[in-house]
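Geometric and topological summary
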Amino acid sequence: RDVPAIGGKSFTAVAINSAAKAGEWIKTKLGKHTTLNLKYSAQDLVTEVDKGAETMIRNLIMTHFPHHSFLGEEGVQPGPEASERALSNVQDEEYLWIVDPVDGTTNFVHGFPFFSVSIALAHKGEVIVGIVYDPMRDELFVAEKGKGAYVHGQRMSVSEEADLRESLVATGFPADPLMLQPNLQQLQAIAPQVRNIRSGGSAALHMAYVAAGRLSGFWEQGLNAWDLAAGYLLIKESGGRVSDMAGEPYHLGVRHVAATNGRIHDSFVDELKKAGAASRTEG
Ligand code: 2AM
Ligand code: CA
Ligand code: CA
Ligand code: CA
């Protein structure tokens, strides 16, 4: 296939291999992790599996592409300020890998089998490859810019619903109490208008499900580039729309996200806005 390659290995192949290797290992550690630390708060968890998986992915990527930059969640100090600083230091690099080794650590820790590995490659700030891998179901979601998005090798497309009343939408509840309140207000506004609400606990996997047409929409506040970059490309290449809470197009700095099949996007964002998004779109 015609994908950008250096040293004979395509970007996408390296992303897939890294996610698959890490995912297989993470799965073997489910219920068997030995260290659990709190990062920023009692809701902000990390285990040796998060760190080990990130190291595994980083080493694989750096072996193939030693001159590329790397931004991984576990290499960044906890908290929103450090995350924003870390992103602004690297977001203009020519090639930047953006990695969340375990998206859904709370689920992983509790044995709730819904988590993923998220790997994106950005070229000068634009996402060109996006991979989300669910090791429990062995589902690999892959997108290349301009070439579509695939699951199980089949082209994905977003769902058809054009009306909130027919829509199944998901959200994530922010760990930060300051952001939980607006999220609950949005939940209260959206819930009566849609078919139903889900909250699985992995933002990247929710984004992949929007791309696959399994969810009509998803919103969450207080996320980071590593939660969203891969899922953004999956949705875009599946015909959907990703924006911030004000409806502005996605970029790597977006932290409060609205992602849909496109058809419900404007009404979805209107409702979220009315209900009271957190005050800063990127903060
Ligand atoms: P994580 O599991 O990689 O940390 C669930 O609502 C989503 O929020 C997950 O994608 C989760 O990613 C992310 N998340 C969990 N705790 C967080 C925190 N303290 N700050 C920012 N994002 C968090
Ligand atoms: Ca985390
Ligand atoms: Ca995450
Ligand atoms: Ca993580």
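Residues numbered from 1 in each chain as written. Chains lettered and ligands numbered in written order. Predicted model: local features only at pLDDT ≥ 70, side-chain atom pairs only at ≥ 80, totals over all residues. Heavy atoms only, no water.

**A word on the sheet that holds strand S9 (residues 139-144)**
Sheets are built from strands paired through backbone hydrogen bonds, the pairs being either parallel or antiparallel. Just so we agree on the cut-off: Strand pairing requires that DSSP identify at least two bridges connecting the strands. Secondary structure counts use DSSP, requiring at least four H or I residues in a row for a helix and at least two E residues in a row for a strand, with both numbered from the N terminus. Residue contacts are defined here by distance: any two heavy atoms, one from each residue, within 4.5 Å place the two residues in contact. Note on method: axes are straight lines fitted to C-alpha atoms, helices fitted across the in-contact stretch only, with angles between N-to-C directions ranging 0 to 180 degrees.
With mixed pairing, seven strands are arranged side by side in an open sheet as S5-S6-S7-S8-S9-S10-S11. This sheet does not close on itself; its edge strands, each paired only once, are strand S5 (69-72) and strand S11 (154-155). Where strand S7 (residues 116-123) lies against strand S8 (residues 126-134), seven bridges are found, and the strand directions are antiparallel. The residue of S8 that forms the bridge with Ala-122 is Val-127. Contacts between helix H6 (residues 203-211) and the sheet are confined to strand S6 (95-103), S7, S8 and S9, with S8 contributing the most and set at about 100° to the helix.

**Comments concerning the UniProt feature "binding site: Mg(2+)" (unreviewed entry) in the chain**
For clarity, the cut-off: UniProt positions are given in the numbering used here, feature names are shortened, and annotations may be inferred rather than shown by experiment. Only protein chains enter the area calculation, which uses a 1.4 Å probe; residues under 20% of their type maximum are buried, those over 50% are exposed, and those in between are partly exposed. Whenever a nitrogen or oxygen atom comes within 3.5 Å of another N or O atom, the pair is scored as a polar contact, on the condition that within protein one atom can donate a hydrogen and the other can accept it, and that pairs from neighbouring residues in sequence are kept only if both atoms are in side chains.
Look at the UniProt record and you will see "binding site: Mg(2+)" (unreviewed entry) annotated at Glu-73, Asp-100, Asp-103 and Asp-227. Look at the named residues: they lie 155 residues apart in sequence, but the longest C-alpha span between them is just 9.6 Å, so in the fold they bunch up. Apart from the residues within four sequence positions on either side, Asp-103 is in contact with Phe-115, Ser-116, Ser-202, Ala-203, Ala-204, Leu-205 and Asp-227. Asp-227 sits in the buried class, given a relative accessible area of 8%. Setting aside residues no more than four positions away along its own chain, Asp-227 makes contact with Asp-100, Asp-103, Ala-203 and Ala-204. For Asp-227, the side chain forms a polar contact with the main-chain nitrogen of Asn-224, separated by 2.7 Å.

**Topic: the site of ligand 1**
To keep things clear, this is the line we draw: Any residue with a non-hydrogen atom lying within 4 Å of a molecule or strand is treated as near it. Using the Shrake-Rupley algorithm and a 1.4 Å probe, accessible areas are obtained, with residue cover drawn only from the displayed protein chains. Under the scheme applied, nonpolar residues are Ala, Val, Leu, Ile, Met, Phe, Trp, Tyr, Cys and Pro; charged residues are Asp, Glu, Lys and Arg; polar residues are all the others, including Gly. All the domain ranges listed were derived from an automatic or database domain assignment.
Close to ligand 1 lie 15 residues; Asp-100, Asp-103, Gly-104, Thr-105 and Glu-220 are nearest. Ala-203 is positioned such that a nitrogen or oxygen atom in its backbone is 3.2 Å from an oxygen atom of ligand 1. Out of a free accessible area of 480 Å², ligand 1 has 83% covered by protein chains. Tallying contributions element by element places S6 first for the shell around ligand 1, with three residues. Class assignment of the residues belonging to the shell around ligand 1 gives a composition of four nonpolar, five polar and six charged. Formed jointly, the shell around ligand 1 draws a minimum of three residues from each of two domains, domain 1 (11-155) and domain 2 (164-281).

**Section: the sheet that holds strand S16 (residues 257-260)**
With mixed pairing, the five strands of this open sheet are ordered in space as S13-S12-S14-S16-S15. One side of each edge strand has no neighbouring strand; the edge strands of this open sheet are strand S13 (196-198) and strand S15 (241-244). Each strand of the sheet is rotated relative to its neighbour by a mean of 20°, with strand direction disregarded. Strands strand S12 (168-171), S13 and strand S14 (217-220) of the sheet are contacted by helix H5 (residues 177-190), whose axis makes an angle of about 155° with S14. Contacting S12, S14, S15 and S16, H6 runs over the sheet at an angle of about 155° to S14.

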